[in-house]
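Residue-level structural notes
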Amino acid sequence: MGECMFRWSVKRRLLAGFGVLALLVLLLLPRQSSGYIEVPMSLGYIIQQSVNIVVLEVEKVDNQSNIIHFKKVKDLKGVHSSERVVQNIAKKGFHPREWKTIMAWAKPGKKALFFHNGRASETCIDTYWYQCYGNGENWRMSHAEPYLLRSFAGRPERLRKIVEVVDSGEETIAPCMVDSDDKEELQLRKARMQRLRVGYERLDYDPERDFVGWGSGELEDLPTIAGFTHIAPLPRVDPGAVGVSIGDYDADGKLDICLFGDKTTRLLRNEGKAFSELELPFEAPARSAAWADFDGDGRKDLLLATSAGPRLLAGTAGEGGFRDESDRLPAQPAWNLTCAVWVDVDQDSWPDILLANGFYGLRLLLNRPGPSGARRLVDGGKVDVPIELLDAAGPRQGKGDYLVQADINSDGLTDILYCAGRGILLLGRKGGFEVGTGHGIDFLPGGIGPAFGDFDSDGDPDLFVPAGGFGRLLENDGRGRFHDVTTRLADVLPQAQGRATSAAWADFDCDGRLDLLLSVRGGFNRVLLNRGGGRLVDRTIELGLDRRIFNSQALAAADVDGDGDLDLVYVNEGQEPCVLFAAPHAPGPRFPVEVVFPGAQRAAGASLAVYDLSAGSREENAAPLHRLEIGRTQGRGCQDATRARMGLGNGRYQLEVHYSSGRVKRQTFEVAGSHLFLEVRP
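A closer look at the overall build of the chain
When you go through the chain residue by residue, the secondary structure sums to nine helices and 49 strands. Taking the principal axes of the C-alpha coordinates as reference, the chain spans close to 85 × 60 × 55 Å. Per-residue burial for the chain yields a buried fraction of 59% across its 682 residues. Here the contacts in the chain between residues at least 6 apart in sequence split such that 53% fall between residues at least 24 apart. Looking at the chain, you have 81 positive and 94 negative side-chain charges, and the mean spots of the two groups are 4 Å apart.

Looking at the sheet that holds strand β10 (residues 211-214)
Spatially, three strands are ordered β8-β9-β10 in an open sheet, and the strand pairing comes out antiparallel. Looking at strand neighbours, the two that pair on one side only are β8 (172-177) and β10, the edges of this open sheet. Neighbour-to-neighbour, the strand axes of this sheet turn through a mean angle of 30 degrees, independent of strand direction. Note: β8 against strand β9 (residues 193-198), six bridges, orientation antiparallel. Counterpart to threonine 172 in the pairing with β9 is valine 198. The strands that helix α4 (residues 156-167) touches are β8 and β9; relative to β8, the one it contacts most, it runs at about 135 degrees.

Section: the packing of aromatic side chains
Tallied over the entire structure, the rule returns 13 aromatic pairs. Taken together, a centroid distance of 6.2 Å and an interplanar angle of 15 degrees make the contact between phenylalanine 294 and tryptophan 342 stacked. Separated by 48 residues along the polypeptide, phenylalanine 294 in the loop between β17 (288-292) and β18 (301-306) and tryptophan 342 in strand β21 (residues 339-343) bring together distant segments of the chain. Overall, the relative accessible area of 1% leaves phenylalanine 294 in the buried class. Taking 6.2 Å as the distance between ring centres and 50 degrees as the angle between the ring planes, the aromatic pair formed by phenylalanine 452 and phenylalanine 482 counts as tilted. Of this pair, phenylalanine 452 sits in strand β29 (residues 451-453) while phenylalanine 482 sits in strand β32 (residues 482-484), and the two are 30 residues apart along the sequence.

A short note on the pattern of salt bridges
In this structure the tally under the stated criterion is 46 salt bridges. Residue glutamate 271 is joined to arginine 195 by a salt bridge in which the shortest nitrogen-to-oxygen separation is 3.6 Å. With glutamate 271 in the loop between β15 (265-270) and β16 (275-278) and arginine 195 in strand β9, this pair connects stretches of sequence that are 76 residues apart. On the basis of relative accessible area, glutamate 271 is assigned to the partly exposed category, the value being 34%. In this structure, aspartate 248 engages arginine 643 in a salt bridge whose closest nitrogen and oxygen atoms are separated by 4.0 Å. On the criterion of sequence distance, the pair formed by aspartate 248 in the loop between β13 (241-247) and β14 (256-261) and arginine 643 in strand β46 (residues 643-649) is long-range, its members being 395 residues apart. Of the two residues examined, aspartate 248 and arginine 643, each falls in the buried class. The structure contains a network of salt bridges with shared partners spanning Arg195, Asp250, Asp252, Lys254, Arg269 and Glu271.

Some thoughts on the sheet that holds β15
In space, the four strands of this open sheet follow the order β13-β14-β15-β16, with antiparallel pairing throughout. Only two strands of the sheet have a single neighbouring strand rather than two, namely β13 and β16. Within this sheet the neighbouring strands show an average axis-to-axis angle of 25 degrees, counted without direction. Sheet topology note: the β13/β14 ladder contains six bridges and is antiparallel. Along β14, the bridge assignment pairs alanine 241 with glycine 261.

A word on the nonpolar core
Among the nonpolar cores identified, the biggest contains 33 residues, and Leu267, Leu302, Phe322, Phe452 and Leu463 are the most heavily contacted of them. Listed by contribution, the elements that provide at least two residues to this core are β14, β17, β18, β25 (403-406), β27 (424-429) and β30 (462-467). In this view, leucine 267 contacts Tyr249, Ile257, Cys258, Ser276, Glu277, Leu278, Leu280, Trp291 and Phe322; residues no more than four positions away in its chain are not counted. Judged by nonpolar contacts, the second largest core, of 29 residues, contains Tyr147, Leu149, Val166 and Tyr205.

Overview of the domain arrangement of the chain
Looking at the chain, the domain boundaries give domain 1 (43-214), domain 2 (220-582) and domain 3 (591-679). Domain 1 and domain 2 are separated by 36 Å when their C-alpha centres are compared. Taken residue by residue, the interface counts 11 residues in domain 1 and 16 residues in domain 2. Between domain 1 and domain 2, a total of about 1,200 Å² is buried, with carbon and sulfur atoms accounting for 31% of that surface. Contact with domain 2 buries surface across domain 1, with Arg155, Lys190 and Arg192 losing the most and accounting together for 52% of the total.

Comments concerning α4
In a regular helix each residue adds 1.5 Å, so 12 residues correspond to 16 Å; α4 covers 16 Å between its end C-alpha atoms and thus fits that length. Those residues of α4 that fall on the buried side of the exposure criterion are Pro156, Leu159, Ile162, Val163 and Val166. Looking straight down α4, one finds its buried side chains confined to an arc of 110 degrees; they lie on one side. Just beyond α4, the residue with positive phi is glycine 169, at close to 95 degrees.

Thoughts on helix α3 (residues 96-105)
If you check which residues of α3 are buried, you get Glu98, Trp99, Thr101, Ile102, Met103 and Trp105. Where α3 is buried, its residues touch β1 (52-62), β2 (67-77), β4 (111-116), β5 (120-125), β6 (128-135) and β7 (138-144).

Some remarks on the side chain of aspartate 346
Relative to the assigned elements, aspartate 346 resides in the loop between β21 and β22 (352-356). Overall, aspartate 346 belongs to the buried group, its relative accessible area being 13%. At 2.6 Å, the side chain of aspartate 346 forms a polar contact with the side chain of arginine 368. Leaving out residues up to four positions away in the same chain, aspartate 346 has contacts with Asp352, Arg368, Lys430 and Gly431.

Observations concerning the environment of arginine 548
Counting through the fold element by element, arginine 548 comes out in the loop between α9 (540-543) and β38 (552-558). Residue arginine 548 is classed as buried on the basis of its relative accessible area, which comes to 19%. On a C-alpha basis, the gap between arginine 548 and valine 86 in space is 25 Å, while along the polypeptide they are 462 residues apart. In this structure arginine 548 touches Arg155, Ile225, Ile231, Phe524 and Gln575, once residues within four positions along its chain are discounted.

Some thoughts on unusual backbone geometry
At the junction of aspartate 238 and proline 239, the peptide bond is cis and its omega measures out at 0 degrees in the coordinates. With respect to the element layout, proline 239 can be found in the loop between β12 (228-233) and β13. Phi at serine 410 takes a positive value of approximately 55 degrees, unusual for a residue other than glycine. In this structure, serine 410 sits in the loop between β25 and β26 (415-418). Owing to a relative accessible area of 47%, serine 410 belongs among the partly exposed residues under this scheme.

The rules behind these values
Residues numbered from 1 in each chain as written. Predicted model: local features only at pLDDT ≥ 70, side-chain atom pairs only at ≥ 80, totals over all residues. Heavy atoms only, no water. Helix = DSSP H or I, 4+ residues; strand = E, 2+ residues; numbered from the N terminus. Buried < 20%, exposed > 50% of the residue type's maximum accessible area, 1.4 Å probe, protein only. Contact = heavy atoms within 4.5 Å. Lys, Arg positive; Asp, Glu negative; His and termini not counted. Charge placed at Lys NZ, Arg CZ, Asp CG, Glu CD. Pairing = 2+ DSSP bridges. Axes fitted to C-alpha atoms, helices over the stretch in contact; angles between N-to-C directions. Phe/Tyr/Trp six-rings, centres within 6.5 Å; stacked < 30°, edge-to-face > 60°. Salt bridge = Lys/Arg side-chain N within 4 Å of Asp/Glu carboxyl O. Core = buried A, V, L, I, M, F, W, Y, C linked by side-chain atoms within 4.5 Å. Domains from an automatic or database assignment. Buried area = accessible area lost by both parts, 1.4 Å probe. Expected span 1.5 Å × (residues − 1). Arc of directions from axis to C-beta. Polar contact = N/O pair within 3.5 Å; in protein donor to acceptor, adjacent residues only side chain to side chain.

What follows is the structure in structure tokens.
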């Protein structure tokens, strides 16, 4: 074994030597390269061998000729001979996506890092590299360098800090993509992310030696977005990004993130200041992701809807991750899933499954006891929906996509909005559903994610449906009938651009009222704060979200860093998903209270109410201050974790949990001037 290890060490050093030779050819010879740099090189070596490293900023872009005009911001190493750099991108490269990626990035104000020796250069932009030849001010692109993503994969702002640290003689950590036999993953920027140590003492490429952890671990300052302090880029799931689902899969108190799309699914473990990607038992795209403890072992399980059928990942002990339990799911003649959610249809507190199976319709899978105390999922039959409702949007348009949950008529049963036809409402009945009529919901589905939320604080869930640049706000009259109040109650910025894709309700500013959060593709994402009386006021510009277009397909709101403020997770098309960490809110009379269901508590279908005990006891027939549902599905196939959040002032309160089985649990608690995590005791 020692001889084999020695041979591998020799082989690795020879490859590193070839990498050194390749970069020397790039940096010392004026002729253009005829291929990618395929041998991996350490970032420390690239920094050491570069004569000049320059921070550039885009001044203007000629999109007709594909020419980018930069100005020099700062010399990091050496002194560049001119104050301007002009790069002729033309339509160069080995594939059209190369020049298209660069030109799509090029916007005035964008930063780049320029490594060169006077004739040959490598330019780093957002998670991309490309090669140019030239001198002084004028340069011409040769081709992209996707394999340099093994050396660094991230934003130039982050790379600038790394260069400054390394060139000072210190070591630091860089986000990089993993090398693999499938080089297309690097070319498409889809390879798994890892963090490696870099420095002048680590010039040879040795990812085993330098490995720090999985994921990018990259937090960047956000000086231009006033409502947020930092951004954390996440691994990409585009093209075809779909959604995000939040859940604490490892029960460490920190919320983890599941990103999913038409190409892949990624699960990210929250490590406090970084995210590490967890390797799943299989690689599969997904159209929805939902969390629940289906087998009662106290660990979160993950249900994915894929085009090939539902996939069930059961949580394992410790940090082991998941095991594939998809064989527990009954087979069907054909699959074309668009969504899968957990819902307790028979009110026994065990989570069942509702599947949206494209043109094959809706189907229930029931959670039943199996041999030796294990749980099994059995076919519960089809949920009948009249064909005229499915075809209401046009013939063969009734395949539908997302499922959104709420108890709209306060009968204690979960109702489902099926995004098919013109919006189909399924009213919960014990053991199943029946189609509702006369509810007033009417919209055109197709890639949009509605959300239920009690924005007027009357105890009944209202509905927001994204459409165009904004959408429609529908108020619930208390009996499950909805009326459009958009123009009366929503104060929206008139210059709305792009297409609204998904919505979520959350108390963003901790004032005790639900605010509306909206993801937008082709425009800036929006936040509408609730100012009382159900009045929603657009505060997007105040929060600085108009300063950047994320091209978002979906979003989730959660306190990712545990500081009491709601952070926003965006799933983006054409760029990395990200977490925006909220700036601390000004001290106010209310404090965030987060209700958590730990361990093996079966909270499927549960709801909770909070009552004021300031008078010493709860008044008879007193209305609750808050009503919240657990495990809701909002937006584009995103099922919440078993948590609830609200803003409360100092004082004593009673929490009342109504489980779907009919059991009621009450406990008192006190808010005393700080953020409170409230565990529901068994």
